[in-house]
Amino acid sequence: MSISTSIKRIAQLTAGTVLAAGLMAGLATPASAAPRDCNYMGYGSYVDGLALDHRDDEVVLADAINAYRAQHGLRPLTYSRTLARPAMWASLDSFNRGFSPGNHVDTRGMGVAQRVEFCSGYTGYLGEINYWAWGAGHGVTPQGALDWWKNSPGHNARLLDPNATTFAVGQAYNGYPTIDRAHYTVVFGNH
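What this report covers is the structure whose coordinates are included nearby. (Residues numbered from 1 in each chain as written. Predicted model: local features only at pLDDT ≥ 70, side-chain atom pairs only at ≥ 80, totals over all residues. Heavy atoms only, no water.)

## A word on the packing of aromatic side chains
Applying the stated criterion across every chain, the model contains 4 aromatic pairs. Considering the side-chain rings of Tyr131 and Trp149, the 6.2 Å spacing of their centres and the 75° angle between planes classify their relative orientation as edge-to-face. Residue Tyr131 is found in strand S2 (residues 126–134), and its partner Trp149 is found in helix H6 (residues 142–150); the two are separated by 18 residues along the sequence. For Trp149, a relative accessible area of 0% corresponds to the buried category. With a centroid separation of 6.4 Å and an interplanar angle of 35°, the aromatic rings of Tyr131 and Tyr184 are classed as tilted. Of the two residues, Tyr131 is situated in strand S2 and Tyr184 in strand S4 (residues 181–189); the sequence distance between them amounts to 53 residues. For Tyr184, a relative accessible area of 0% corresponds to the buried category. These aromatic residues form a ring-pair network of at least three members: Tyr131, Trp148, Trp149 and Tyr184. We note Arg181 situated over the ring of Phe95; from NZ or CZ to the ring centre the distance is 3.9 Å. (Phe/Tyr/Trp six-rings, centres within 6.5 Å; stacked < 30°, edge-to-face > 60°. Helix = DSSP H or I, 4+ residues; strand = E, 2+ residues; numbered from the N terminus. Buried < 20%, exposed > 50% of the residue type's maximum accessible area, 1.4 Å probe, protein only. Lys NZ or Arg CZ within 6 Å of the ring centre and 35° of its normal.)

Shape is all these values report; function is a separate question.
As structure tokens, then:
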């Protein structure tokens, strides 16, 4: 197990505990706390840095999305550190609730635009796709997520959106080296 994988797994477990505690308390998160409430194990920590930098399967999925776009004559998307924290928050939030919501509203009641602005200050053009799978095999892999999105007309349109120029991929998973549960979130932007 790589150090970044171990730390990411610890971050997932810690985020789940913190998220569960926050939900049990029933307290709303103050907007003035952003982006501190969208990080893992401390704002500016090594683990928060891992969330901001694509690693492991996040890179695999990002590269596969760009290869798919190239097959359709589209320019590659540029990785956005600004969009990374909201993408990771959405994946960890989905992981902790056990599913990725079709309406893209997180457990704080925030939709995509609210969450992205809250976690990063980004406003403007946005899009988001998410995916989750259980069980060992192709479904929990980055390629499994991409294959599912490609076969869904709305998700495929987002992957091939010519207005998008930037993106970030967030992944939360369980199990190593054999992943048995994975949640992926891709947030698209244009700056």
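Further notes follow.
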